[in-house]
Amino acid sequence: GVPDKQGRKEILQIHTRGMPIEPDFRKGDVLKALEEIKKDEKFKDAIDKAIERVKASREEEIPKVLKEISEDLYNEVKAKLIDYLLEELAEVTHGFVGADLAALAREAAMAALRRLIREGKIDFEAETIPREVLDELKVTRKDFYEALKMVEPSALREVLIEVPNVHWDDIGGLEDVKQELREAVEWPLKYPEAFRAYGITPPKGILLYGPPGTGKTLLAKAVATESEANFIAVRGPEILSKWVGESEKNIREIFRKARQAAPTVIFIDEIDAIAPRRGTDVNRVTDRIINQLLTEMDGLVENSGVVVIAATNRPDIIDPALLRPGRFDRLILVPAPDEKARLEIFKVHTRNMPLAKDVDLKELAKRTEGYTGADIAAVCREAAMIAMRRALEQGILKEGMKADEIRRIAKVTMKDFEEALKKIGPSVSKETMEYYRRIQEQFKQARG
Ligand code: ADP
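No experiment lies behind these values; they were computed from the predicted model shown.

Draft legend 1. Highlighting the overall build of the chain. Scanning the chain from terminus to terminus reveals 20 helices and eight strands. Relative to the compact-globule value of 22 Å for 448 residues, the chain shows a C-alpha radius of gyration of 28 Å, a clear excess of over 25%. Projected onto the principal axes, the alpha-carbon positions of the chain cover approximately 85 × 65 × 45 Å. Each of the 448 residues in the chain was classed as buried or not, and the buried ones make up 46%.

Spelled out as structure tokens, the structure:
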């Protein structure tokens with residue numbers, strides 16, 4: 001597979017081992033490094049002095065100032081700064097595999113060498129490079145960024161096909177939305193002939209919008225599960241690539257895989273990231289991505305077995321071109337749950353919990369106005385953690401005890417839920433919901 005950020009950092013560490021990296025001694029970074037070093041006591045007295053002196057120094061003096069105080073401390077700070085640099089590089093090398101990262105390290109060293117050549121420090125005629133000159137070879141942050149321009153990720157990030165396992169009854173409330181998704185996604189995927197028989201065209205794209213944590217991702221997964229379809233999940237920000245053309249390739253690849261694995265639900269979360277209104281993006285990357293997405297969606301033939309579900313909590317910034325007929329032409333609001341829905345969500349998330357008799361889920365539903373499904377899930381988790389902590393403190397819970405026994409003797413009480421409610425507040429205000437309702441009105445009117 002393709003390494004994640006931590007993996008990329010480790011690979012970079014391997015390929016830069018022994019490389020004379022000269023990090024930038026930026027004040028903020030140096031102070032952060034000093035604070036971290038302070039924790040391990042070794043430089044006890046020197047540290048506070050160093051912090052004071054660094055604060056008072058100009059940036060270019062910092063290495064000298066540190067060396068004066070203690071050569072060891074200087075080296076320690078430098079090691080930290082190199083670590084930050086590698087961390088930063090790992091961050092910006094999404095989609096790079098091991099070989100790409102090795103090439104990146106190599107190119108950075110080459111960039112440093114080319115600098116020495118430009119400065120006339122290396123004599124081409126000479127058989128060998130003298131030691132003193134080699135000692136001057138310093139690979140800087142700038143060299144790495146120079147190298148980044150030259151090394152492209154060789155492999156596109158793999159498009160992962162999942163077989164989701166979320167069922168309708170894992171989702172509390174949202175009955176209308178579930179029904180709409182059944183008809184718009186499940187039926188066309190399961191009974192394509194019926195649509196042909198009645199001469200109606202199922203939607204290609206569905207946009208779920210609403211506050212974060214209201215179950216949009218859950219719904220997309222459930223409809224895929226219940227339609228026995230495969231599931232490809234991508235996040236808008238992930239599709240964006242700083243490599244020209246790469247983002248379009250990403251999208252082509254996603255649709256290619258989806259067609260291959262059909263029936264497939266493609267789920268694009270945070271679609272607003274790639275779809276700010278066209279013309280507002282200076283480098284026009286998002287313009288091209290939207291065009292590619294539109295081309296792919298226009299190219300989906302009837303009964304191709306591919307449905308695209310997108311989700312956003314910023315429906316107001318979506319490009320209107322995406323919402324035209326034949327594209328994302330089904331717009332579904334996923335609201336914060338009402339009291340009845342909250343009760344259902346509490347039931348889902350306490351299904352496998354040992355509840356004390358006094359736990360009144362109806363009462364909890366009544367008291368959680370403005371809580372989303374995600375908030376309620378967090379409340380239930382927190383209540384269980386509180387119960388567990390208490391059981392541990394009271395010595396009721398012992399190592400080696402089996403789950404069944406624990407369930408019998410250490411239940412989650414109403415008080416635990418009340419404590420949890422104090423910690424986790426509602427995340428959707430009335431105003432927020434009104435905002436979404438207004439957008440819903442606008443969408444309706446635009447459609448006549
Ligand atoms: P969104 O995509 O709208 O931001 P998610 O679907 O990712 O929200 O929901 C996050 C988590 O919150 C889910 O994994 C689930 O635990 C919980 N959750 C949200 N809505 C519901 C719901 N209606 N019923 C049950 N759990 C929910």
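Here the narrative resumes.
Draft legend 2. Structural context of the site of the ligand. Near the ligand there are 16 residues, and of these Gly172, Gly213, Lys216, Thr217 and His349 occur at the shortest range. The side chain of Thr217 places a nitrogen or oxygen atom 2.6 Å from an oxygen atom of the ligand. The side chain of His349 places a nitrogen or oxygen atom 2.8 Å from a nitrogen atom of the ligand. In the complex, 79% of the free accessible area of the ligand, which totals 560 Å², lies under the protein chains. Among the secondary structure elements, those contributing two or more residues to the shell around the ligand are helix H11 (216–226), helix H15 (339–350) and helix H17 (373–393). When grouped by side-chain class, the residues that make up the shell around the ligand number seven nonpolar, seven polar and two charged.

Draft legend 3. Main features of the pairing of strand E7 (residues 306–312). In terms of residue burial, E7 counts as a mostly covered element, since seven of its seven residues are buried. Of the two faces of E7, both are covered, the one formed by Val306, Val308, Ala310 and Thr312 as well as the one formed by Val307, Ile309 and Ala311. In terms of strand pairing, strand E6 (residues 264–269) meets E7 through five bridges, oriented parallel. The residue bridging Phe267 from the neighbouring strand is Ile309, located in E7.

Draft legend 4. Main features of unusual backbone geometry. Of the consecutive residues Ala262 and Pro263, the connecting peptide bond is found in the cis state with omega at 0°. Here Pro263 lies in the loop between helix H13 (246–260) and E6. The phi angle at Leu174 is positive, at roughly 55°, despite the residue not being glycine. Within the secondary structure, Leu174 is located in the loop between strand E3 (161–162) and helix H9 (175–190).

Draft legend 5. Examining the pattern of salt bridges more closely. On inspection of all chains with the given rule, the structure shows 37 salt bridges. Ionic pairing is found between Glu87 and Lys9, a salt bridge with its closest N-O pair at 2.7 Å. Here the residue Glu87 occupies a position in helix H5 (residues 71–91), and Lys9 occupies one in helix H1 (residues 5–15), the gap between them amounting to 78 residues. We classify Glu87 as partly exposed; its relative accessible area is 30%.

Draft legend 6. Seen up close, the environment of Leu134. Among the structural elements, Leu134 can be located in helix H7 (residues 131–136). On the basis of relative accessible area, Leu134 is assigned to the partly exposed category, the value being 42%. Spatially, the C-alpha atoms of Leu134 and Arg17 are 16 Å apart, while their sequence positions differ by 117 residues.

Draft legend 7. Just helix H19 (residues 414–423), in detail. Looking at H19, one finds that the buried residues are Met414, Asp416, Phe417, Ala420 and Leu421. Angular distribution of buried residues about the axis of H19 spans 155°; they occupy a single face of the element. The exposed residues of H19 that point more than 90 degrees off its buried face are Lys415, Lys422 and Lys423.

Draft legend 8. Inspection of the nonpolar core at higher detail. In terms of nonpolar packing, the biggest core is built from 37 residues, with Ile268, Ile271, Leu293, Leu322 and Phe328 touching the most fellow members. Put simply, the parts of the chain that give this core at least two residues each are strand E4 (205–209), strand E5 (230–235), H13, E6, helix H14 (285–299), E7, strand E8 (328–333) and helix H20 (430–447). In terms of residue count, H14 provides more of this core than any other element does, six residues in total. Formed by 25 residues, the second largest nonpolar core is a distinct cluster that contains Ala224, Ala229, Phe231 and Val334.

Draft legend 9. Region of the structure containing the side chain of Thr16. As for its placement among the helices and strands, Thr16 is situated in the loop between H1 and strand E1 (21–22). Looking at Thr16, the relative accessible area reads 6%, which means it is buried. In contact with Thr16, other than residues within four places in its own chain, are Ile21, Leu86, Ala105 and Phe144.

So, how was this worked out
- Residues numbered from 1 in each chain as written.
- Predicted model: local features only at pLDDT ≥ 70, side-chain atom pairs only at ≥ 80, totals over all residues.
- Heavy atoms only, no water.
- Helix = DSSP H or I, 4+ residues; strand = E, 2+ residues; numbered from the N terminus.
- Rg over C-alpha atoms; globule rule 2.2 N^0.38 Å.
- Buried < 20%, exposed > 50% of the residue type's maximum accessible area, 1.4 Å probe, protein only.
- Near = heavy atom within 4 Å.
- Polar contact = N/O pair within 3.5 Å; in protein donor to acceptor, adjacent residues only side chain to side chain.
- Areas by Shrake-Rupley, 256 points an atom, 1.4 Å probe, with all protein chains shown as cover.
- Nonpolar A, V, L, I, M, F, W, Y, C, P; charged D, E, K, R; others polar.
- Pairing = 2+ DSSP bridges.
- Salt bridge = Lys/Arg side-chain N within 4 Å of Asp/Glu carboxyl O.
- Arc of directions from axis to C-beta.
- Core = buried A, V, L, I, M, F, W, Y, C linked by side-chain atoms within 4.5 Å.
- Contact = heavy atoms within 4.5 Å.

Such coordinate-based values are descriptive only and should not be taken to indicate function.
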